[in-house]
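These are the residues of each chain, in order.
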Amino acid sequence: MNPDTEKLMQQLEQPYEGAEMKSLYTAVVTVTPGQEEHARMSGHAESEDGLLAVELAMPEELGGRGQGTNPEQLFAAGYAACFHGALALVARKMRVDASKATVTAQVTLGRDPADGGYKLATELKVEMPNSERETSEQVVAQAHQLCPYSKAIAGNIDVKVAVV
């Protein structure tokens, strides 16, 4: 691990006991509609710093052209990356090797039987090849408690987390 990463990991491990959330970083992304005048169908998403710039499109499975990414893919990427970060912190604290760990997120868009609208479900599949299964399951369970995405969606969407 390079020294800058090591320093950041040490900072992230420090406990916080404030009365309110302490802001550490705010991402700003603007979405604009494309020729369909509906960003979900065709649009563009760009971060304030320009590092994220993607065309948006409805997937072919939903009747779109599929010539761009979609909110479910973006959510899956964000959740998998965030969960992996929590996994790395927990593994480090438990002295477990997570250097080869991978997190795959599946995000499903479906119809909500409660109101006829739409809802999401997600499944995280975690591989930790350098760790025994029982230890991996302990690390993953603690990472799920720590991960900001897991906290944000708790009780709101169906979530499955599995060590594979």
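I will try to describe carefully the structure that is included in this document. Here the structure is a predicted model, which means the values were calculated and not measured.

Observations concerning a nonpolar patch on the surface
Together, V29, V31, L52 and L74 make up a nonpolar patch on the protein surface, roughly 280 Å² of accessible area in all. Tracing the backbone shows L74 in helix α2 (residues 71–94). In this structure L74 comes out as partly exposed when scored by relative accessible area, which is 33%.

Some points on the sheet that holds strand β3 (residues 53–57)
Spatially, three strands are ordered β1-β2-β3 in an open sheet, and the strand pairing comes out antiparallel. The sheet terminates laterally at β1 (29–38) and β3, the two strands that pair on one side only. Here the average twist between neighbouring strands, direction ignored, is 20°. Relative to β3, strand β2 (residues 42–47) is paired through five bridges, and the arrangement is antiparallel.

Focus: the packing of helix α1 (residues 3–12) against α2
Relative orientation of the contacting elements α1 and α2 amounts to 85°, with a least axis distance of 11 Å. The orientation of α1 relative to α2 falls into the category roughly perpendicular. Between α1 and α2, the contacting residues are E6, M9, Q10 and L12 on the first element and A88, L89 and R92 on the second. Each residue belonging to the contact of α1 with α2 can be placed in one class, and the counts come to four nonpolar, one polar and two charged.

Quick notes on unusual backbone geometry
Phi at E37 is positive, roughly 60°, even though this residue is not glycine. Within the element layout of this structure, E37 appears in strand β1. What makes E37 exposed here is its relative accessible area of 69%. With a phi angle near 60°, R95 is a residue other than glycine that sits in the positive phi range. Looking at the secondary structure, you find R95 in the loop between α2 and β4 (102–111).

Some points on the nonpolar core
Ranked by internal contacts, the top residues of the largest apolar core, which has 24 residues, are F83, L87, V103, V126, M128, V139 and V140. Per-element tally for this core: the top contributor is α2, with eight residues. Sequence-distant contacts of V103, that is, excluding residues within four places in its chain, are made with A80, F83, H84, L87, L124, K125 and V126.

Examining the packing of α2 against helix α3 (residues 133–146)
It is the contact of α2 with α3, at a shortest axis distance of 8 Å, that shows an interaxial angle of 120°. The orientation of α2 with respect to α3, classified from their angle, is oblique. In the crossing of α2 with α3, the sense of the turn from one axis to the other is right-handed. Only Q138, V139, V140, Q142, A143, H144 and L146 of α3 make contact with α2, whose side of the interface consists of Y79, F83, A86, L87, L89, V90, A91 and M94. Residue composition of the contact of α2 with α3, grouped by class: twelve nonpolar, three polar and no charged.

Some words on the environment of A101
Tracing the chain through its elements places A101 in the loop between α2 and β4. On the accessibility criterion, A101 (9% relative accessible area) is buried. Sequence-distant contacts of A101, defined by excluding residues within four places in its chain, comprise H84, L87, E127, M128 and P129.

Cut-offs used in this document
- Residues numbered from 1 in each chain as written.
- Predicted model: local features only at pLDDT ≥ 70, side-chain atom pairs only at ≥ 80, totals over all residues.
- Heavy atoms only, no water.
- Patch = residues over 30% accessible without salt bridge, like charges linked within 9 Å, V, L, I, M, F, W, Y side chains within 5 Å.
- Areas by Shrake-Rupley, 256 points an atom, 1.4 Å probe, with all protein chains shown as cover.
- Salt bridge = Lys/Arg side-chain N within 4 Å of Asp/Glu carboxyl O.
- Helix = DSSP H or I, 4+ residues; strand = E, 2+ residues; numbered from the N terminus.
- Buried < 20%, exposed > 50% of the residue type's maximum accessible area, 1.4 Å probe, protein only.
- Pairing = 2+ DSSP bridges.
- Axes fitted to C-alpha atoms, helices over the stretch in contact; angles between N-to-C directions.
- Parallel < 35°, antiparallel > 145°, perpendicular 65-115°, else oblique.
- Contact = heavy atoms within 4.5 Å.
- Nonpolar A, V, L, I, M, F, W, Y, C, P; charged D, E, K, R; others polar.
- Core = buried A, V, L, I, M, F, W, Y, C linked by side-chain atoms within 4.5 Å.
- Left-handed = near helix turned anticlockwise from the far one by under 90°.

These figures come from the coordinates and say nothing about function on their own.
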